[in-house]
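For reference, the chains in residue letters:
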Amino acid sequence: MEYNLADLFESVVDAVPDREALVYLDHPGTGAERRLTYAELDAAANRLAHHLADSGIRPGEHLGLHLYNGVEYVQTVLACLKARIVPVNVNYRYVEEELVYLSWDTVLLSFYSHSPSLPFFFSASPLAPGLRRLLRVAGLRRLLRVGPGPAGIAAAADFARAEASGSPERGFQARSGDDQFIIYTGGTTGMPKGVMWRQEDLFFAGLGGGAPTGEPVKTPEELAERVAGAGSGITFFPTPPLMHGTSTLTAFIGFNFGQRVVLHRRFVPEEVLRTVEREKVTSMSLVGDAMLRPLIDALNGPMKGTDCSALFSVSSSGAIMSETVRRQFAGLVPNAMLLNNFGSSESGFNGTATEDSGPERGFRLRVNSRTRVVDPVTHEQVAPGETGRVAQCGHVPLGYYNDPVKTAETFFERDGVRWVLLGDMATVDADGVLTVLGRGSQCINTGGEKVYPEEVEQALKAHPDVYDALVAGVPDAVWGNHVAAVVQLRAGAPRLSLSALRTHCRTRLAGYKIPRQLVLTDAIHRSPSGKADYRWAREVAVADYPAGS
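Residues numbered from 1 in each chain as written. Predicted model: local features only at pLDDT ≥ 70, side-chain atom pairs only at ≥ 80, totals over all residues. Heavy atoms only, no water.

Visitor: Please set out the nonpolar core residue by residue, giving values where relevant.
Guide: The nonpolar side chains of a soluble globular protein tend to be buried with one another. With 75 residues, the main nonpolar core has Leu22, Tyr38, Leu41, Val74, Phe203 and Phe255 as its most contacted residues. Element by element, the count of residues in this core is highest for helix H3 (residues 71–82), at 8 residues. Filtering out sequence-adjacent residues up to four positions away, Leu22 remains in contact with Arg34, Arg35, Leu36, Leu41, Val71, Val74, Phe255, Val261 and Leu263. (Core = buried A, V, L, I, M, F, W, Y, C linked by side-chain atoms within 4.5 Å. Buried < 20%, exposed > 50% of the residue type's maximum accessible area, 1.4 Å probe, protein only. Helix = DSSP H or I, 4+ residues; strand = E, 2+ residues; numbered from the N terminus. Contact = heavy atoms within 4.5 Å.)

Visitor: Go over the packing of helix H1 (residues 5–15) against H3 with me, naming the residues and quoting the values.
Guide: Contact geometry for H1 and H3: axes closest at 8 Å, N-to-C directions at 110°. As far as their axial angle goes, H3 and H1 are roughly perpendicular. Handedness of the crossing formed by H1 with H3: left-handed. Packed against H1, whose contacting residues are Leu5, Ala6, Phe9 and Glu10, the element H3 presents Leu78, Leu81 and Lys82 at the interface. Partitioning the contact of H1 with H3 into residue classes produces 5 nonpolar, no polar and 2 charged. (Axes fitted to C-alpha atoms, helices over the stretch in contact; angles between N-to-C directions. Parallel < 35°, antiparallel > 145°, perpendicular 65-115°, else oblique. Left-handed = near helix turned anticlockwise from the far one by under 90°. Nonpolar A, V, L, I, M, F, W, Y, C, P; charged D, E, K, R; others polar.)

Visitor: Talk me through the pattern of salt bridges; I want residue IDs and the actual numbers.
Guide: Inspection of every chain in the model, using the stated rule, returns 32 salt bridges. Ionic pairing is found between Arg175 and Glu10, a salt bridge with its closest N-O pair at 3.0 Å. On the criterion of sequence distance, the pair formed by Arg175 in the loop between helix H6 (159–164) and strand E8 (180–185) and Glu10 in helix H1 is long-range, its members being 165 residues apart. Residue Arg175 shares its accessibility class with Glu10, and that shared class is buried. A salt bridge links Asp468 to Lys461, with the nearest nitrogen and oxygen atoms 3.9 Å apart. Each member of the pair, Asp468 as well as Lys461, carries the same accessibility label: buried. (Salt bridge = Lys/Arg side-chain N within 4 Å of Asp/Glu carboxyl O.)

Visitor: An account of the side chain of Thr435 is requested, with residue identities and associated values reported.
Guide: Among the structural elements, Thr435 can be located in strand E22 (residues 434–439). When near neighbours in sequence (up to four residues on either side) are disregarded, Thr435 contacts Arg361, Gly362, Phe363, Arg364, Met425, Ala426 and Thr427.

Visitor: Hey, could you go over the packing of aromatic side chains for me, with residue numbers and the actual values?
Guide: Here the structure, examined in full by the defined rule, presents 11 aromatic pairs. Ring geometry for Tyr3 against Phe203: centres 5.6 Å apart, planes inclined by 25°, an arrangement best described as stacked. With Tyr3 in the segment before H1 and Phe203 in helix H7 (residues 199–205), the pair connects residues that are 200 residues apart, well separated along the chain. Comparing Tyr3 with Phe203, the two get one shared label, buried. Among the aromatic residues, ring-to-ring pairing joins Phe9, Tyr38, Phe252 and Phe255 into one connected group. (Phe/Tyr/Trp six-rings, centres within 6.5 Å; stacked < 30°, edge-to-face > 60°.)

Written out as C-alpha cells, the structure is:
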C-alpha cells in the first residue's frame, strides 16, 4: 500500500467497519438525516466508482463536483479516488463564464450537480443556457444530477439510479501515491486556478500525515493500526461548503482518525448549534468572523443555554477570527479552544496563530518546519524583521493545471528541493514566529506606505458597533490610493461617522493605516465559506468616491 487516499480510507474501514463515519443533517430536528457506518460509506462509494468506470471514465480523467454539502459529495470524492478518477471541486456560485472556462481549463468529462436550487439548471432562468452551452461547447460525456432533473437537459442521469447500478464490492485496480487530486481556488480576483496535488503530498501537507496535531505516520499501514487502537468519541463538524478544499480536507482528517464527521447542507447558525448539542460535536471548523459572529448572536439570543460542553476546538482557515469576536465566543463557550489556522490550497497547513496574535502585535504564527519567509525574487530567506513572501518546501503541489506561466511564477526549486511561493507577505522574528501582513495582491500603497487590509479590518472589528468590515484601496489624487473601509453595522447600532471610526482606530493603527473613507453597507459580500470578496469591496468604495474627490 502507498500513501493513496482511497487505500488509506479502505484500511480505516477494515479496522472499524461498524463505527459511525458520516452523519448528514439537512434540516436538523425534522428527521431528514442519513447516518452511515464506515462499511456503509465504503460500499456506497464502491457502487458509484464502478458506475463511473462502467460509464467509460478512465483513470486520470476529470470529474466535476457541482454539489451542495451532503452524503453525495463525500461519496463522489471517495468514488473518484477509488477508480483513480480526478475529482474537481466546482464552486456552485460560478457564473456561466467561469463555469465554461473551468470545463475547458480542466477538461471535465463528467459533471455531477444538485439541481433544483441552482438557477442555471432551470430553463426558466436566464442562466439555464449556461449549462446547455457547457454540455455543447465543452463536450461533456456525462451529466448526473442529485435530486429532480434540470429542465431541458436531456443528457442528465439520476444519481440514485447510477449508484444502484454499481457493485458494492471493491475490486479496483492498484492505486498510487502519484494519483492526482485537484483543488480549484480563486474566482474573486480572476479566473479559477486548479492546484494539482499528488495524493501522497496532499496527505502529509493537507492532512497532517494522519495526525495534524501529532506525529505523522511513518508507514501507510500505521494509519489503520492507530485507528484500531483508539476509541471513538470525536465528532468533526466542517461547517463551510465542501466545494472549498479546506472543508473537504477537514472531513478526510476525521476519516483518517476513524472518527465521525457531521455535515449540514448549508450554514444556518441556529441549526449548527442544535447539532453541536445533539451530536456532542467536539471539533468544529468555520471561516472567520463571518461564521463565528452569527453563532455568538444566536447564543446570546434564541439559542441561549445551548449545551456546547463537548466542543473542544473551533478552528478557522481562510479568514481570521478577530480578537474581539474570539473574546466574545470564549465568554459563551469557555471550554473551546479557538484556533486561527494558516494555510492555502497551494500549501495545505502551515501553522496556527499564537495566543498574543491580534491588532496590537499582528497576526502571529507558529509554523511548521517546512515554512519560511523568502525574498520573492532571489528566494533567499529574509533576515528577522525584513518583509518577504511565505513559502513552503517539501510536500507541495505539482503546479497549476493547464497554466505553465502561473506555475513558473509560483513554484520553484532550490538545492534540489521543490518550493511553493504563496501570495502572503510576512516578517519573521528571531524565534521563527511569522507575522503575516496580508496578501500582496491586496496591499494598498498610500503615500508610499504599504497597508494590508487584514490588519485594518481587525482594528475595525474591535469597534462595538461594527459587525463586519472589509478594507480596500481607492485611487486618490494626493495619496495615490487611500484606505477605504466598507462596514456593516450591528443591528440597531447608531449610524457611525468616519470621524468616530478614525478616533477608534488611532489607538490601534499607525496614522497612514487609518481609513480616510467610510462606506456603510447592509451586508458585506463574502463567499459561501466566509472568505472576503475584495473585488466587490473595492468596487463599492470606488463608486462611493467620485473621481477627482
